[in-house]
Amino acid sequence: MDKPKVIVTRRLPDLIETRMMELFDCSLNLDDTPMSQEDLIEAVRTADVLVPTVTDRIDSSVLSQAGDQLQLIASFGTGVDHIDLKTARARGITVTNTPGVLTEDTADMTMALILAVARRLTEGERLVRAGNWTGWSPTSMLGHRIWGKRLGIIGMGRIGQALARRAKGFGLSIHYHNRRRLHEDIEKPLEATYWESLDQMLARMDIVSVNCPHTPATYHLLSARRLKLMRPDSILVNTSRGEVIDENALVRMLGGGDMAGAGLDVFEHEPAINPKLLKLSNVVALPHMGSATIEGRHAMGEKVIINIKTFVDGHTPPDRVLETMF
């Protein structure tokens, strides 16, 4: 293959787009308008390489229309729940993603959300901006100390471990639930307690952080039943995927005083958000910006380029995704 025809579905950083134009026969999305399903079908019919993002649904209805020339989907993002991996494999299409480079940024944001909810930071900011602050008071805007509290991490991969390192520095006791228990060399420095039973962990935590990927097995992992196991004074934070939590059940619990608060960077039907959720003062809601740093986006783009170059040169790309990984 000479210069592969690469179609990029969304606007990427200028530095990355410029490099792609130099290396490939590249078609860019200059106005950053999300592609429709029809646009995506047209793209897979003509592209040698498709570079989608997590907002693009590359499902079987799209992949079934792909031309034989489509050999690689080099996704700009870590999650791959937007791509039908089974259909891609059946059609001989390699899929890559950009793992690792967003770990620290997402862990930073998760820690920030824990602090924001516990100390009511956004409530205080809104109070000041609205001109309703009347001065310091011994009983005004009281939040909760996080030092000495228990943090339960659901999904102890790269991001979960990075969060644990930060949380330990804030004096939190680290607990986790994972498909497999971590090796002692990882667990011991974090002084982390492993819970085989998610139900048992949820009932005992002050703060719960969702850091697992969205897969068929984790859809509504935090169901209405499991959310009810959490303590009324507990906090829930999600910087993973909205589909892991039953959002309607979460709204009912937060509104009914059955949970102290939530920090959410992702939502079940984003960009649509349950309007009842946004009316709750004990919720900190962010626009899926956990990985949104300049450094992170550049690193993601470099990974995409490396994956394409390696594949075009006839080698297995370093970030190839296998169905068994998710």
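The structure displayed is predicted, hence computed values, not measured ones.

About the cut-offs
Residues numbered from 1 in each chain as written. Predicted model: local features only at pLDDT ≥ 70, side-chain atom pairs only at ≥ 80, totals over all residues. Heavy atoms only, no water. Helix = DSSP H or I, 4+ residues; strand = E, 2+ residues; numbered from the N terminus. Rg over C-alpha atoms; globule rule 2.2 N^0.38 Å. Buried < 20%, exposed > 50% of the residue type's maximum accessible area, 1.4 Å probe, protein only. Contact = heavy atoms within 4.5 Å. Areas by Shrake-Rupley, 256 points an atom, 1.4 Å probe, with all protein chains shown as cover. Lys, Arg positive; Asp, Glu negative; His and termini not counted. Charge placed at Lys NZ, Arg CZ, Asp CG, Glu CD. Expected span 1.5 Å × (residues − 1). Pairing = 2+ DSSP bridges. Axes fitted to C-alpha atoms, helices over the stretch in contact; angles between N-to-C directions. UniProt positions renumbered as here; feature names shortened; annotations may be inferred. Salt bridge = Lys/Arg side-chain N within 4 Å of Asp/Glu carboxyl O. Patch = residues over 30% accessible without salt bridge, like charges linked within 9 Å, V, L, I, M, F, W, Y side chains within 5 Å.

Let's talk about the overall build of the chain
So, point 1. Looking only at helices and strands, one finds 13 helices and 12 strands in the chain.
So, point 2. Computed over its C-alpha atoms, the radius of gyration of the chain comes to 21 Å, within 12% of the 20 Å expected for a compact globule of 326 residues.
So, point 3. Considered along the principal axes of its C-alpha atoms, the chain spans approximately 70 × 50 × 30 Å.
So, point 4. In the chain, which comprises 326 residues, the share counted as buried stands at 50%.
So, point 5. Look at the contacts in the chain between residues 6 or more apart in sequence, and 60% of them connect residues 24 or more apart.
So, point 6. Surface exposure of the chain reaches about 16,200 Å², of which carbon and sulfur atoms provide 52%.
So, point 7. The averaged location of the 41 negative side-chain charges in the chain is 7 Å from the averaged location of its 38 positive side-chain charges.

Section: helix H7 (residues 158-169)
So, point 1. End to end, H7 covers 17 Å across 12 residues, agreeing with the expected 16 Å (1.5 Å per residue, within 8%).
So, point 2. Of all the residues in H7, the buried ones are Gly 160, Gln 161, Ala 162, Leu 163, Ala 164, Arg 166 and Ala 167.
So, point 3. In the core, the buried residues of H7 are packed alongside helix H5 (103-118), strand E6 (150-154), strand E7 (173-177), helix H8 (184-190) and strand E9 (207-210).
So, point 4. Directly beyond the C-terminal end of H7, a positive phi value near 80° is found at Gly 171.

Points about the sheet that holds strand E8 (residues 193-194)
So, point 1. Pairing within the open sheet is parallel, and its seven strands lie in the order E8-E7-E6-E9-E10-E11-E12. Bordering the open sheet on either side are E8 and strand E12 (283-285), each of which pairs with just one other strand.
So, point 2. Bridge analysis of E6 against E7 gives five bridges, and the strand direction is parallel. Following the sheet pairing, Ile 154 is matched in E7 by His 177.
So, point 3. Relative to the sheet, H7 contacts E6, E7 and E9, its axis offset from that of E6 by approximately 170°.

Considering H5
So, point 1. Across its 16 residues, H5 extends 23 Å between first and last C-alpha, which sits within 8% of the 22 Å expected from 1.5 Å per residue.
So, point 2. Among all positions of H5, only Thr 103, Asp 105, Thr 106, Ala 107, Met 109, Thr 110, Met 111, Leu 113, Ile 114, Ala 116, Val 117 and Ala 118 are buried.
So, point 3. Looking one or two residues beyond H5, the residue adopting positive phi is Arg 120, at roughly 60°.

Here we look at the UniProt feature "domain: D-isomer specific 2-hydroxyacid dehydrogenase NAD-binding" (unreviewed entry) in the chain
So, point 1. Here, UniProt's "domain: D-isomer specific 2-hydroxyacid dehydrogenase NAD-binding" (unreviewed entry) annotation points to residues 111-290.
So, point 2. As annotated, residues 111-290 comprises 32% helix and 15% strand, and the C-alpha atoms at either end are separated by 10 Å.

Some words on the pattern of salt bridges
Any two side chains of opposite charge can pair, on the condition that their charged atoms come close.
So, point 1. Under the defined criterion, the tally for this structure stands at 17 salt bridges.
So, point 2. In this structure, Asp 81 engages Arg 241 in a salt bridge whose closest nitrogen and oxygen atoms are separated by 3.5 Å. Here Asp 81 is found in the loop between strand E4 (72-74) and helix H4 (85-90), whereas its partner Arg 241 is found in the loop between strand E10 (235-238) and helix H11 (247-255), with 160 residues between them in sequence.
So, point 3. Notably, a salt bridge pairs Asp 199 with Arg 225, separated by 2.8 Å at the nearest N-O pair. Pair noted here: Asp 199 is in helix H9 (residues 198-202) and Arg 225 is in helix H10 (residues 224-227), with a separation of 26 residues, a long-range link.
So, point 4. The structure contains a network of salt bridges with shared partners spanning Glu 104, Asp 108, Arg 165 and Arg 166.

A word on a nonpolar patch on the surface
So, point 1. On the surface, a nonpolar cluster with roughly 450 Å² of combined accessible area is contributed by Val 128, Trp 133 and Trp 136.
So, point 2. Mapped onto the secondary structure, Trp 133 falls in the loop between helix H6 (121-129) and E6.
So, point 3. With a relative accessible area of 53%, Trp 133 lands in the exposed category.

Some details on a positive patch on the surface
So, point 1. A surface patch of positive charge is lined by Lys 228, Arg 252, Lys 276 and Lys 279.
So, point 2. Relative to the assigned elements, Arg 252 resides in helix H11.
So, point 3. Among the residues examined, Arg 252 registers a relative accessible area of 54% and is labelled exposed.

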